[in-house]
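Structural description and commentary
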Amino acid sequence: MTSTKPSSAADRKPAESAPGAAPHAGTSDPRALIMNNLRQSGIFVALVVIVALFAFLTDGISLSPGNITNIVLQYSYILVLAIGMVVVIIGGHIDLSVGSVVALTGAVSAVVVIRQGQPWWVGVLAALAVGIAVGAWHGFWVAYVGIPAFIVTLAGMLLFRGLTLRVLDNISLSPFPAEYNRIAAGFLNGLIGGDGYDAFTLLIGAIGVAGYVVSCFRTRAARIRYQQPVESFVLFVVRMTLVGGVVMYFAWQLAHARGLPIVLIILAALVLVYGLLTRRTVFGRQVYAIGGNLSAAMLSGVKVRTVNFWIFVNMGFLSAVAGIIFSSRSNGAQPAAGNMFELDAIAAAFIGGAAVTGGVGTVVGAMVGGLIMAVMSNGMQLMGVDQSLQSVVKGLVLLVAVAFDVYNKRRAGASR
């Protein structure tokens, strides 16, 4: 007669007791992995399909070195706005004023640098100060007065558009000095040589891939340690190889064009910083807690007013960064700058997996959502599609993304 001894708590710590088994744990069923993480995996699949579709429809022009560089330059400010917007949406809010703030900060910078003749960096600091002040204005009304963010930022959209017209006297200002223009239109090329290509761009791409692999490996080890489901080690290696190959392909294309865009370095730094901020800091966890369940967050001792205030200050700061990049790229400030930017940023966040009700979303997802919008817009422009039809397509994509989010919630509710 045999008996089975109940497992003890010590037996349920496989990673600590047998660390060598960790890399080989997990499932090899791709369908199970995709279905278990449908919200995030779906946008990556969609991005790959859209890139492949437009590469086919444009005979490969969309993947040419020059066009990839143009995509980076043309949509960098939308991606910057998407980083701040996804944090706002995770917190359960919305910001309709970012386009007007982009215009106002660019206008202030233009007045300081072009009209008053100050150095370019003074204009940058002035724009950042105005953006932070605008964010504090919004944060005060939302966090401490209790007016819904939708109303506050709708008023801000009108208010700051009007202030832009006043600051510019309803005329455009240009051009900026070369140093300011270099922020969005400059490239790093030839720093460490290269025969017909920029070796520095390839080096940065390789460092990015190495950092991504190390980060994913640490995340995988942590999930195994806490007995959470992970993919098999073989699939993990395949995924790292595919991602690394794609990144190095785009780095190779950039290296054969004009080198590494400075604005791409700014964007990468923001993604890295805000990725850590949202996932590894107390502030980031509190933003998720407020958006996921406000009552529970308050009962847990989260200072909701303070967190909400800084969410909007952060959005104002990133709107100023986007305003600097946009005015630098356009080499001037225009009263109508930033028109409809808020809708592109909101669309990028929702397409990237953010939930309408808050509490869900990632910075990386918002970047992928923004890239989907960028690749679609760029591809349709290359094909000569009419502007009106482009708006129809982007509107439908946004609707499908939100419907997908609703479907995920119902599916998750049904499985409980």
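Quantities reported herein were computed from a predicted structural model and do not represent experimental measurements. Note on numbering: residues in each chain are counted from 1, in written sequence order. Given that this is a predicted model, residues contribute local features only at a pLDDT of at least 70 and side-chain atom pairs are listed and counted only at 80 or more, while totals for whole chains, interfaces and linings are drawn from all residues. No hydrogens and no water enter the side-chain calculation; it runs on all heavy atoms of the structure.

**Digging into the overall build of the protein chain**
In plain terms, the rule: Helix and strand definitions follow DSSP, with helices as H or I runs of at least four residues and strands as E runs of at least two, each counted in order from the N terminus. Three labels apply to residues, based on accessible area from a 1.4 Å probe with only protein chains included: buried if under 20% of the type maximum, exposed if over 50%, partly exposed otherwise in between. The contact criterion used is simple: two residues touch if any of their non-hydrogen atoms lie within 4.5 Å. Each accessible area is a Shrake-Rupley estimate made with a 1.4 Å probe; only the visible protein chains count as cover when residues are assessed.
In terms of regular secondary structure, the protein chain is built from 17 helices and 2 strands. Taken over 416 residues, the protein chain has a buried fraction of 44%. Counting only contacts in the protein chain whose residues sit at least 6 apart along the sequence, the fraction spanning at least 24 positions is 80%. For the protein chain, the accessible area works out to roughly 20500 Å², and carbon and sulfur atoms hold 68% of it.

**What about unusual backbone geometry?**
The phi angle of most residues is negative, glycine excepted, and most peptide bonds adopt the trans form. Cis geometry marks the peptide bond from serine 174 to proline 175, where omega comes out at -5°. Inspection of the secondary structure puts proline 175 in the loop between α7 (149-168) and α8 (178-185). Even without a glycine there, the phi angle at aspartate 169 is positive, about 55°. Note on placement: aspartate 169 falls in the loop between α7 and α8. On the basis of relative accessible area, aspartate 169 is assigned to the exposed category, the value being 51%. Even without a glycine there, the phi angle at asparagine 331 is positive, about 60°. Tracing the backbone shows asparagine 331 in the loop between α14 (304-330) and α15 (341-351). Judged by its relative accessible area of 25%, asparagine 331 is partly exposed.

**Quick notes on the packing of helix α4 (residues 65-90) against helix α10 (residues 233-255)**
What counts here: Helix axes are fitted to C-alpha atoms over the stretch in contact, other axes to C-alpha atoms as well, and angles between N-to-C directions run from 0 to 180 degrees. Any angle that falls under 35 degrees is termed roughly parallel, while one over 145 is termed roughly antiparallel, one within 65 to 115 roughly perpendicular, and all others oblique. Throughout this entry, Asp, Glu, Lys and Arg are counted as charged residues, while Ala, Val, Leu, Ile, Met, Phe, Trp, Tyr, Cys and Pro are counted as nonpolar. The remaining residues, Gly among them, count as polar.
Taken N-terminus to C-terminus, the directions of α4 and α10 make an angle of 100°; their axes are 8 Å apart at the nearest point. Judged by the inter-axis angle, α4 sits roughly perpendicular to α10. The residues of α10 that touch α4, namely those facing Pro65, Ile68 and Thr69, are Phe250, Gln253 and Leu254. Looking at the contact of α4 with α10, its residues break down into 4 nonpolar, 2 polar and no charged.

**What about the packing of aromatic side chains?**
Applicable threshold: Only the six-membered ring of Trp is used, alongside the rings of Phe and Tyr, when aromatic pairs are assigned; centres must lie within 6.5 Å, and planes under 30 degrees apart are stacked while those over 60 apart are edge-to-face, with the rest tilted. Criterion for a charge above a ring: Lys NZ or Arg CZ within 6 Å of the ring centre, and within 35 degrees of the ring normal.
Per the counting criterion, the structure on display carries 12 aromatic pairs. Measuring from ring centre to ring centre gives 5.2 Å for phenylalanine 326 and phenylalanine 341, while their planes differ by 85°; the resulting arrangement is edge-to-face. Taken together, the residues span a long stretch of sequence, with phenylalanine 326 in helix α14 and phenylalanine 341 in helix α15 at a distance of 15 residues. With respect to burial, phenylalanine 326 and phenylalanine 341 carry one shared label: buried. An aromatic cluster is built from Tyr77, Phe326 and Phe341, whose rings are joined through pairwise contacts. Cation over ring: arginine 220 sits above phenylalanine 236, and NZ or CZ is 5.3 Å from the ring centre.

**Concerning a positive patch on the surface**
The criterion, for reference: Patches here: salt-bridge-free residues with over 30% relative accessible area, like charges joined within 9 Å, nonpolar side chains (Val, Leu, Ile, Met, Phe, Trp, Tyr) joined within 5 Å. Should a side-chain nitrogen of Lys or Arg be within 4 Å of a carboxyl oxygen of Asp or Glu, the pair is scored as a salt bridge. Asp and Glu count as negative and Lys and Arg as positive, but His and the ends of the chain are not part of the count. Every charge is mapped onto a representative atom, which is NZ of Lys, CZ of Arg, CG of Asp or CD of Glu.
Taken together, the side chains of Arg218, Arg279, Arg280 and Arg285 define a basic patch exposed on the protein surface. Turning to its location among the elements, arginine 279 is positioned in helix α11 (residues 262-280).

**Quick word on the pattern of salt bridges**
Going through the model one piece at a time under the given rule, you end up with 1 salt bridge. The salt bridge involving arginine 115 is made with aspartate 169; its shortest N-O contact spans 3.7 Å. Placement of the pair is arginine 115 in helix α5 (residues 98-115) and aspartate 169 in the loop between α7 and α8, with a sequence separation of 54 residues. Arginine 115 sits in the partly exposed class, given a relative accessible area of 39%.

**Overview of a nonpolar patch on the surface**
Side chains of Leu191, Ile192, Leu203, Ile204 and Ile207 sit close together on the surface and give an oily, nonpolar patch of about 450 Å² of accessible area. Here isoleucine 207 is to be found in helix α9 (residues 199-225).

**Observations concerning the nonpolar core**
Our working definition: By nonpolar core is meant a set of buried Ala, Val, Leu, Ile, Met, Phe, Trp, Tyr and Cys residues that side-chain atoms within 4.5 Å join together.
Counting 69 residues, the largest nonpolar core has Val80, Leu81, Ile83 and Val86 as the members making the most contacts within it. When residues of this core are assigned to their parent elements, the largest contribution, 15 residues, is made by α4. Contact partners of valine 86, with chain neighbours within four places excluded, come to Ala349, Ala354, Gly361, Thr362, Val363 and Ala366. Formed by 14 residues, the second largest nonpolar core is a distinct cluster that contains Leu47, Phe54, Ile372 and Met373.

**Some details on the environment of threonine 357**
Within the secondary structure, threonine 357 sits in the loop between α15 and α16 (363-382). As for threonine 357 and isoleucine 89, which are separated by 268 residues in sequence, their C-alpha atoms are 8.0 Å apart.

**Focus: α8**
Just so we agree on the cut-off: Comment: arc refers to directions from the helix axis out to C-beta atoms.
For α8, the set of buried residues is Tyr180, Ile183 and Ala184. Angularly, the buried residues of α8 cover 75° about the axis, an arc narrow enough to put them on a single face. Packed against the buried residues of α8 are α4, α5, α6 (120-145), α11 and α14.

**Some remarks on the side chain of threonine 69**
Put simply, the rule reads: Pairs of N or O atoms within 3.5 Å make up the polar contacts considered here, provided that, within protein, one atom can donate a hydrogen while the other can accept it, and that residues adjacent in sequence are counted only when both atoms are side-chain atoms.
With respect to the element layout, threonine 69 can be found in helix α4. A distance of 3.0 Å separates the side chain of threonine 69 from the backbone oxygen of proline 65, its partner in a polar contact. Apart from residues lying up to four places away in sequence, threonine 69 is in contact with Phe187, Leu254, Ala257 and Arg258.

**Examining the confidence of the model for the protein chain**
In low-pLDDT regions, the fine details of the predicted coordinates are not to be read closely. Stated formally: pLDDT measures the predictor's confidence residue by residue and takes values from 0 up to 100.
Here the protein chain averages 85 in pLDDT, while 88% of its residues score no lower than 70. The least confident element of the protein chain, judged by mean pLDDT, is helix α1 (residues 14-17) at 42; the most confident is α6 at 96. Taken as a whole, residues 1-23 scores under 50 in pLDDT and shows 11 contacts with residues more than four places along the chain or in a different chain.

**A word on the environment of methionine 240**
The topology assignment puts methionine 240 in helix α10. On the basis of relative accessibility, which here comes to 8%, the residue methionine 240 falls in the buried class. In sequence terms methionine 240 and valine 213 are 27 residues apart; their C-alpha atoms lie 6.4 Å from each other. If we skip the residues at most four places from it in the chain, methionine 240 touches Tyr212, Val213 and Cys216.

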